[in-house]
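Read off the chains here:
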Amino acid sequence: MRALVVFAHPVPESFGAAVRDTVVAALNRSGHEVRLLDLYASGFNPVMGADERRVYNDPVVNEVPIADHLALIKWCEILVFVYPTWWFSPPAMLKGWLERVWVPHATFIMPTATRGSRPGMKNIRKLAVVTTCGASWTLSKIIGEPGRRILLRGIRTLCHPLCRTSYMAHYKMDSSTPESRARYLAKVDRKIGRL
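Now for a description of the structure that goes with this document.

Scoring rules and cut-offs
- Residues numbered from 1 in each chain as written.
- Predicted model: local features only at pLDDT ≥ 70, side-chain atom pairs only at ≥ 80, totals over all residues.
- Heavy atoms only, no water.
- Helix = DSSP H or I, 4+ residues; strand = E, 2+ residues; numbered from the N terminus.
- Buried < 20%, exposed > 50% of the residue type's maximum accessible area, 1.4 Å probe, protein only.
- Polar contact = N/O pair within 3.5 Å; in protein donor to acceptor, adjacent residues only side chain to side chain.
- Contact = heavy atoms within 4.5 Å.
- Pairing = 2+ DSSP bridges.
- Axes fitted to C-alpha atoms, helices over the stretch in contact; angles between N-to-C directions.
- Expected span 1.5 Å × (residues − 1).
- Core = buried A, V, L, I, M, F, W, Y, C linked by side-chain atoms within 4.5 Å.

A few points about the side chain of His170
Okay, so step 1: Within the secondary structure, His170 is located in strand E7 (residues 164–170).
Okay, so step 2: On the basis of relative accessibility, which here comes to 6%, the residue His170 falls in the buried class.
Okay, so step 3: At 3.1 Å, the side chain of His170 and the side chain of Ser180 are in polar contact.
Okay, so step 4: Every residue in contact with His170, bar those within four places of it in the chain, is listed here: Thr131, Thr132, Cys133, Ser176, Ser180, Arg181 and Tyr184.

In structure tokens form, the structure reads like this:
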């Protein structure tokens, strides 16, 4: 299958980069065609300006500023997000990418007075999140894991109706050990390898 890995971490030598490399290697080993989109390294601008917002609901016109990114998500069948969870949600870079790239008429059909919105990204059949969280599992659950909800509930509604999801988090990252990080990478390798 065609797999797109969307990576959002500003530090190239971070543990997040090791997670990204593990994800890409596991997908390649499973025979998938893999493309990597590194939002920070590519210099993506996550800020939607006033002019872009004014045409946000205009078909075709709204695709112009983000055409390359839109082409990538229309190409893939597997979409994997790799990012650190900061303040219980994805980095602003990733949130801005979602806001700018997942535009109406291209990724979903706008609702009408008589019908709700409909998915436009039926090509995506598998959706995965691979993240690290400074907080514990318990605190993350109490807060409600907004990143997980945004991606595996919100974005999921725009994908194929039978799209399968997967979520992997290394909790208590701020007090992690080399052993806990190694175990997490091994888990990521196994689960992503089975996508």
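Here's the deal with the sheet that holds strand E6 (residues 126–133)
Okay, so step 1: Across the sheet, 5 strands lie side by side as E2-E1-E3-E6-E7; this open sheet has parallel pairing. Of all strands in the sheet, those with a lone pairing partner are strand E2 (33–38) and E7, marking the two edges. The mean inter-strand angle of the sheet, taken between neighbouring strand axes irrespective of direction, is 15°.
Okay, so step 2: By the bridge criterion, 5 bridges tie strand E1 (residues 2–7) to strand E3 (residues 78–85) in an arrangement that is parallel. Residue pairing for E3: Val6 is matched across the bridge by Phe81.

A short note on unusual backbone geometry
The phi torsion of most residues other than glycine is negative, and most of the peptide bonds are trans.
Okay, so step 1: A positive phi angle, near 70°, is found at Val60, a position not held by glycine.
Okay, so step 2: Relative to the assigned elements, Val60 resides in the loop between helix H2 (50–54) and helix H3 (67–75).
Okay, so step 3: In the Ramachandran plot, Phe88 falls in the positive-phi region, its phi being about 70° despite a non-glycine side chain.
Okay, so step 4: Its place among the elements puts Phe88 in the loop between E3 and helix H4 (92–101).
Okay, so step 5: Given a relative accessible area of 25%, Phe88 falls into the partly exposed group.

Here we look at helix H1 (residues 15–29)
Okay, so step 1: In this model, H1 (15 residues) spans 21 Å end to end at C-alpha, consistent with the 21 Å of a helix rising 1.5 Å per residue.
Okay, so step 2: Within H1, burial applies to Phe15, Gly16, Ala17, Val19, Arg20, Thr22, Val23, Val24, Ala26 and Leu27.
Okay, so step 3: In this fold, the buried residues of H1 make contact with E1, E2, E3, E6 and helix H7 (178–193).
Okay, so step 4: Phi for Gly31, located one or two positions after H1, is positive at around 90°.

A word on the pairing of E3
Okay, so step 1: Here E3 lies mainly inside the structure; 8 of its 8 residues are buried.
Okay, so step 2: Relative to E6, E3 runs parallel, the two sharing 8 bridges. Residue pairing in the sheet places Val82 in a bridge with Val130 of E6.

Notes on the nonpolar core
Okay, so step 1: Counting 39 residues, the largest nonpolar core has Leu4, Val6, Leu39, Leu79, Phe81, Trp97 and Trp102 as the members making the most contacts within it.
Okay, so step 2: If you list the elements that add at least two residues to this core, you get E1, H3, E3, H4, E6, helix H6 (146–154) and E7.
Okay, so step 3: Per element, the largest residue contribution to this core is 5 residues, and it comes from H4.
Okay, so step 4: What Leu39 contacts, discounting residues up to four positions off in sequence, is Val6, Phe7, Ala8, Phe44, His69, Met93, Leu94 and Trp97.
Okay, so step 5: Formed by 21 residues, the second largest nonpolar core is a distinct cluster that contains Met173, Tyr184, Val188 and Leu195.

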